[in-house]
Amino acid sequence: MAVIQITNPYLPDGYRWLKGNLHTHTTNSDGELSPAAIITEYEKRDYDFLAISDHDTYVDPHLYQPHTRMILLPGVEVSAGGPHVLQIGAEQRLEPIADRRQVIDEIVARGGFAVLNHPNWERHFNHFPQEQMQSLDAATGLEVYNGVIERLEGNALAADRWDRLLSINHWLWAFANDDAHLAGDIGKAWNVVQVTGQTSQAVLEGLRHGRFYASTGVKVCDVRTDGLQITVHTNDAQRIRFVSRWGIIRASTDGTQGSYRLPDDTSLARELGYIRAECYGAGGQVAWTQPLKIDVM
Ligand SMILES: [Zn+2]
Ligand SMILES: [Zn+2]
């Protein structure tokens, strides 16, 4: 008899949540603030971790780590020669060659991971062509939200692109980042990761394995499964939508928590592919949970 299996990337207990932004610029590329100033700004807002990711420039976090309580992660935004790729966790600048496949392989070989940035940026809303994203098997995630695009051409949101990729089993985690260039860009979006220890390695491992959610304000408390039921608890959502393969909304509930129960029928369950939650709060704030993979074995 076929069995429905739900793969939940989140830890059930024994963790704490840490909040951070992985995409910000400084005076080392085209940002307004110095690294020290931007670190102070994020620290003031109670962030737990931060990556400075200047365009094709490596800003060594070890230089600044002694002066902050936040965890500083190594980052670069590989920018010249093609769509922008966020390099996290690899401690050096890489040559921004046009072949993004090779760039991402290099990031992974050096112990880091790659995020595909602001897919819907620019007048043609197509900074990162879909076919190109599909070909980048070694990427870890994409930005479903990028704050700076709010004041630039295109769309800051890219959950549409994400569903298209997930639906063909191209598995990527959702990230939300400020991409701060000016002081006014700070604090629009972040990632909140489950960790069992407060170290850079714990944060990187949590991000790599999808134990985090992306947010522009709403706070998620936990994402649990019980049999065929998926339940999301938040502090402050007003509506929670459960989305499956091809972007189909399977349930929508009002309130701070919501549940979706998978159908017992295995052929109906197989069609789901995955379930992810979008949690909407006041003032247009959203939190995106990672997808829970649905398999029928
Ligand atoms: Zn960029
Ligand atoms: Zn950027």
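Residues numbered from 1 in each chain as written. Chains lettered and ligands numbered in written order. Predicted model: local features only at pLDDT ≥ 70, side-chain atom pairs only at ≥ 80, totals over all residues. Heavy atoms only, no water.

Chemist: How would you explain the pairing of strand E14 (residues 239–244) if you had to name every residue and give the values?
Modeler: Taken together, the five bridges between E14 and strand E15 (residues 249–254) define a ladder with antiparallel strand orientation. Opposite Val 243, over in E15, you have Ile 249 as the bridge partner. Counted along the chain from E14 to the antiparallel partner E15, the turn is four residues long, and its residue Trp 246 has a positive phi close to 65 degrees. As judged from the six bridges shared by E14 and strand E17 (residues 274–280), these two strands associate in the antiparallel manner. (Pairing = 2+ DSSP bridges. Helix = DSSP H or I, 4+ residues; strand = E, 2+ residues; numbered from the N terminus.)

Chemist: Help me get a handle on the layout of surface pockets, residues and values and all.
Modeler: Of the pockets and cavities examined, the largest pocket occupies roughly 180 Å³. If you go around the largest pocket, you meet 13 residues; those closest to its centre are Lys 19, Trp 190, Val 192, Tyr 213 and Lys 219. Elements with a contribution of two residues or more to the lining of the largest pocket: strand E2 (16–21), strand E10 (190–195) and strand E11 (212–215). When residues in the lining of the largest pocket are grouped by element, the largest group, three residues, is from E2. The class makeup of the residues in the lining of the largest pocket is six nonpolar, two polar and five charged. (1 Å grid on protein atoms, 1.4 Å probe; cavity = no way out; pocket = protein on both sides within 12 Å on 5 of 7 lines; lining within 4 Å. Points joined across faces, edges and corners; volume = space filled by probe spheres on them. Nonpolar A, V, L, I, M, F, W, Y, C, P; charged D, E, K, R; others polar.)

Chemist: Tell me about a nonpolar patch on the surface, residues and numbers included.
Modeler: Residues Ile 168, Trp 246 and Ile 248 make up a contiguous nonpolar surface patch of roughly 320 Å² in combined accessible area. Considering the arrangement of structural elements, one finds Ile 168 in the loop between helix H4 (159–167) and strand E9 (173–177). (Patch = residues over 30% accessible without salt bridge, like charges linked within 9 Å, V, L, I, M, F, W, Y side chains within 5 Å. Areas by Shrake-Rupley, 256 points an atom, 1.4 Å probe, with all protein chains shown as cover. Salt bridge = Lys/Arg side-chain N within 4 Å of Asp/Glu carboxyl O.)

Chemist: Please set out the pairing of strand E19 (residues 292–296) residue by residue, giving values where relevant.
Modeler: Only one face of E19 is covered, namely the one carrying Leu 292, Ile 294 and Val 296; the face carrying Lys 293 and Asp 295 has none of its residues buried. The pairing of strand E1 (residues 4–7) with E19 spans four bridges and is antiparallel. Each bridged residue has a counterpart across the sheet, and for Ile 4 the counterpart in E19 is Val 296. (Buried < 20%, exposed > 50% of the residue type's maximum accessible area, 1.4 Å probe, protein only.)

Chemist: Account for the coordination of the zinc ion (ligand 2), naming residues and giving values.
Modeler: Protein coordination at the zinc ion (ligand 2) comes from His 23 (NE2), His 25 (NE2), Glu 77 (OE) and Asp 179 (OD), with a distance range of 2.0 to 2.2 Å. Around the zinc ion (ligand 2) sit four donor atoms, and with donor-metal-donor angles ranging over 80 to 170 degrees the site reads as irregular. Of note, the zinc ion (ligand 2) draws all its donor residues from one chain, in the sequence arrangement H-x1-H-x51-E-x101-D. Separating the zinc ion (ligand 2) from the zinc ion (ligand 1) is a gap of 3.4 Å, bridged by Glu 77, which donates to each. Remark: Glu 77 occurs in strand E5 (residues 75–78) and His 25 occurs in the loop between E2 and helix H1 (35–44); sequence separation between them is 52 residues. On the basis of relative accessible area, His 25 is assigned to the buried category, the value being 0%. (Donors = N, O, S within 2.8 Å, 3.2 Å for Na, K, Ca; no water. Tetrahedral: all angles 85-135°; square planar, octahedral: opposite > 155°, others 65-115°.)

Chemist: Can you tell me about H1, naming the residues and giving the values?
Modeler: Listing the buried residues of H1 in full gives Pro 35, Ile 38, Ile 39, Glu 41 and Tyr 42. The buried residues of H1 all sit within an arc of 160 degrees when viewed along its axis, so they share a single face. The secondary structure elements touched by the buried residues of H1 are E2, strand E3 (49–51) and strand E4 (71–73). The first or second residue beyond H1 is Asp 46, which carries a positive phi of 65 degrees. (Arc of directions from axis to C-beta. Contact = heavy atoms within 4.5 Å.)

Chemist: Before we move on, could you go through the nonpolar core and cite the residues and values that matter?
Modeler: Grouped together as the largest cluster of nonpolar side chains are 39 residues, with contacts concentrated most on Tyr 42, Phe 242, Leu 262 and Cys 279. Both of domain 1 (16–212) and domain 2 (218–296) provide at least three residues apiece to this core. If you look at the next biggest cluster of nonpolar residues, it comprises 31 residues, including Leu 116, Val 144, Ile 149 and Leu 172. (Core = buried A, V, L, I, M, F, W, Y, C linked by side-chain atoms within 4.5 Å. Domains from an automatic or database assignment.)

Chemist: Tell me what's going on with the pattern of salt bridges, and back it up with residues and numbers.
Modeler: Counting across every chain of the model gives 16 salt bridges. Among the ionic pairs, Glu 205 bridges to Arg 208, the shortest N-O distance being 3.2 Å. Of this pair, Glu 205 and Arg 208 both sit in helix H5 (residues 200–208), three residues apart, roughly one helical turn. Looking at Glu 205, the relative accessible area reads 29%, which means it is partly exposed. Residue Arg 208 is classed as partly exposed on the basis of its relative accessible area, which comes to 27%. Asp 264 is paired through a salt bridge with Arg 261; the nearest N and O atoms lie 3.4 Å apart.

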